[in-house]
Amino acid sequence: MEKHLDSEHIVKNVDIIRIKDNKKILMKDDIIDEDILEIFINKKKAFQMVFSMTDAKALAAGFLFTQGIIEKKTEIKTIAFLKTKKQCHITLDTLAQERLIQFTNGLQIKGSSGGTLLQEQTEPFSSPLAQPENLFTITYDQVLSLIQLHWDHSELFHKTGALHSAGLCTPLKMLAYYEDIGRHNALDKLAGDILLEGIETKDKVATISCRMSLEIIGKIIKTGIPIVISNAAPTLCAVKLADRAGLTIIGFARNNRFNIYTHEKRIIETKR
């Protein structure tokens with residue numbers, strides 16, 4: 001699958017006017033580009049979304065995965081990205097096709113990304129993260145080093161200020177990193193990578209650049225990643241959902257501090 005191919009082509013250098021200290025300055029500035037991705041499933045157009053024009057297959061597969069339309073890689077029979085047409089063509093097996101019909105015809109609550117919302121419900125639900133044997137831990141220092149590593153990877157954000165990002169890490173290094181103008185897209189690209197590459201997630205950490213809403217936390221739960229670190233805040237509904245699902249949420253990670261909102265036993269003191 002493609003990963004970060006030709007990412008520089010989505011940045012355009014344009015003429016701007018900057019006003020500083022009551023003076024006009026003519027200068028150049030880097031601006032991110034965007035376009036519309038069309039997703040065709042079994043030869044019919046099913047979805048379209050605005051995206052930063054990289055990692056289209058990961059985005060399409062990840063969206064279908066986080067929305068529950070596909071549950072495993074084998075349900076995707078073929079997947080191809082037609083770059084000139086900005087179309088991703090996917091063939092699903094019968095079971096996934098039935099889920100697509102249910103998704104299309106369903107009355108689910110839609111989130112801001114256009115997908116279904118994994119709600120903070122009162123009834124219990126099954127989550128592998130909530131199993132007692134999932135005792136994967138990282139240290140205080142590793143939390144801070146991973147969010148710094150995420151920041152260091154954010155080259156296009158540093159250029160344009162217009163991207164969100166999502167990373168997949170071990171306690172010591174970044175394994176995958178995706179950027180997009182949409183925070184939901186960044187998470188879906190990461191989820192698609194995990195799905196298509198068959199990556200084991202029970203001993204991994206997600207790093208993200210955005211606030212942790214119900215939708216974002218729902219996508220993390222789908223991937224099976226047990227710890228998520230952000231430099232931003234969570235919402236109350238997201239914290240409640242993560243607590244029930246067994247996900248560790250860390251927010252406001254920056255400089256030498258961070259907040260732990262759920263399942264703090266995974267975050268342990270650094271031994272000096």
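Higher on the page you've got the structure.
Heads up: these notes are all about the structure in this document. This is a predicted model, so every value here is computed, not measured. (Residues numbered from 1 in each chain as written. Predicted model: local features only at pLDDT ≥ 70, side-chain atom pairs only at ≥ 80, totals over all residues. Heavy atoms only, no water.)

A few words on the environment of Leu82. Its place among the elements puts Leu82 in strand S5 (residues 76-82). It is 9.9 Å that separates the C-alpha atoms of Leu82 and Lys57, two residues lying 25 residues apart in sequence. (Helix = DSSP H or I, 4+ residues; strand = E, 2+ residues; numbered from the N terminus.)

Before going further, it helps to spend a moment on the nonpolar core. Judged by nonpolar contacts, the single largest core of 31 residues is most densely connected at Phe47, Leu64 and Leu92. Element by element, the count of residues in this core is highest for helix H1 (residues 56-66), at seven residues. Apart from the residues within four sequence positions on either side, Leu92 is in contact with Ile41, Asn42, Leu64, Ile69, Ile70, Glu75, Ile76, Lys77 and Gln97. (Core = buried A, V, L, I, M, F, W, Y, C linked by side-chain atoms within 4.5 Å. Buried < 20%, exposed > 50% of the residue type's maximum accessible area, 1.4 Å probe, protein only. Contact = heavy atoms within 4.5 Å.)

The strands making up a sheet associate through hydrogen bonds between their backbones, and the pairing can be parallel or antiparallel. Judged by pairing direction, the sheet is mixed, and its six strands sit side by side in the order S9-S8-S10-S11-S12-S13 without closing on themselves. Both outer strands of the open sheet, strand S9 (174-180) and strand S13 (257-260), are each paired with one neighbouring strand and no more. Sheet twist, expressed as the mean angle between neighbouring strand axes with direction ignored, is 20°. Note: strand S12 (residues 248-254) against S13, three bridges, orientation antiparallel. Paired with Gly251 across the strands is Asn259, a residue of S13. (Pairing = 2+ DSSP bridges. Axes fitted to C-alpha atoms, helices over the stretch in contact; angles between N-to-C directions.)

Taking burial as the measure, the ten residues of helix H6 (residues 214-223) include nine buried ones, the bulk of the element. Listed in full, the buried residues belonging to H6 are Leu214, Glu215, Ile216, Ile217, Gly218, Lys219, Ile220, Ile221 and Thr223. For H6, the elements touching its buried residues are H1, helix H5 (183-197), strand S10 (205-208), strand S11 (227-230), helix H7 (236-245) and S12. A positive phi of about 85° marks Gly224, the residue just after H6.

For the rest of this paragraph, the subject is the sheet that holds strand S3 (residues 35-41). Strands sit in the order S4-S3-S6-S5 across an open sheet of four strands; the sheet is mixed. Both edges of this open sheet fall to strand S4 (44-51) and S5, since each of them pairs with a single strand only. On average, adjacent strands in this sheet sit at an angle of 20° to one another, irrespective of strand direction. By the bridge criterion, four bridges tie S3 to strand S6 (residues 87-92) in an arrangement that is parallel.

In this section: the pattern of salt bridges. Summed over the entire model, instances satisfying the criterion amount to eight salt bridges. Asp180 is the salt-bridge partner of Lys189, the closest N and O atoms lying 2.8 Å from each other. For the pair Lys189 and Asp180, a shared accessibility class is recorded, and that class is buried. A salt bridge links Lys219 to Asp188; the nearest nitrogen and oxygen atoms lie 3.0 Å apart. Here Asp188 lies in helix H5 and Lys219 lies in helix H6, a separation of 31 residues in the sequence. Comparing Lys219 with Asp188, the two get one shared label, buried. (Salt bridge = Lys/Arg side-chain N within 4 Å of Asp/Glu carboxyl O.)

We now examine the pairing of S5. For S5 and S6, the ladder comprises six bridges, and the chain directions are antiparallel. Paired with Ile79 across the two strands is Ile90, which belongs to S6. In sequence, S5 turns back onto S6 through a hairpin of four residues, with Lys86 there showing a positive phi of about 55°.

Right, let's talk about a nonpolar patch on the surface for a bit. Taken together, the side chains of Ile17, Ile19 and Leu26 make up a nonpolar region of the molecular surface, amounting to roughly 350 Å² of accessible area. Tracing the sequence through the fold places Ile19 in strand S1 (residues 11-20). (Patch = residues over 30% accessible without salt bridge, like charges linked within 9 Å, V, L, I, M, F, W, Y side chains within 5 Å. Areas by Shrake-Rupley, 256 points an atom, 1.4 Å probe, with all protein chains shown as cover.)

A few words on the packing of aromatic side chains. Counted under the stated rule, the structure contains four aromatic pairs. On the basis of an interplanar angle of 75° and a centroid distance of 5.8 Å, the ring pair of Phe47 and Phe103 is categorised as edge-to-face. A residue pair is termed long-range when its members are at least 10 positions apart, and Phe47 in strand S4 and Phe103 in helix H2 (residues 94-105) qualify at 56 residues. For Phe47, a relative accessible area of 15% corresponds to the buried category. Note on Tyr140 and Phe258: the rings are 6.0 Å apart at their centroids and 70° apart in plane angle, and the pair reads as edge-to-face. Of this pair, Tyr140 sits in helix H3 (residues 140-153) while Phe258 sits in strand S13, and the two are 118 residues apart along the sequence. Note on Tyr140: relative accessible area 36%, which makes it partly exposed. An aromatic cluster is built from Phe47, Phe63 and Phe103, whose rings are joined through pairwise contacts. (Phe/Tyr/Trp six-rings, centres within 6.5 Å; stacked < 30°, edge-to-face > 60°.)

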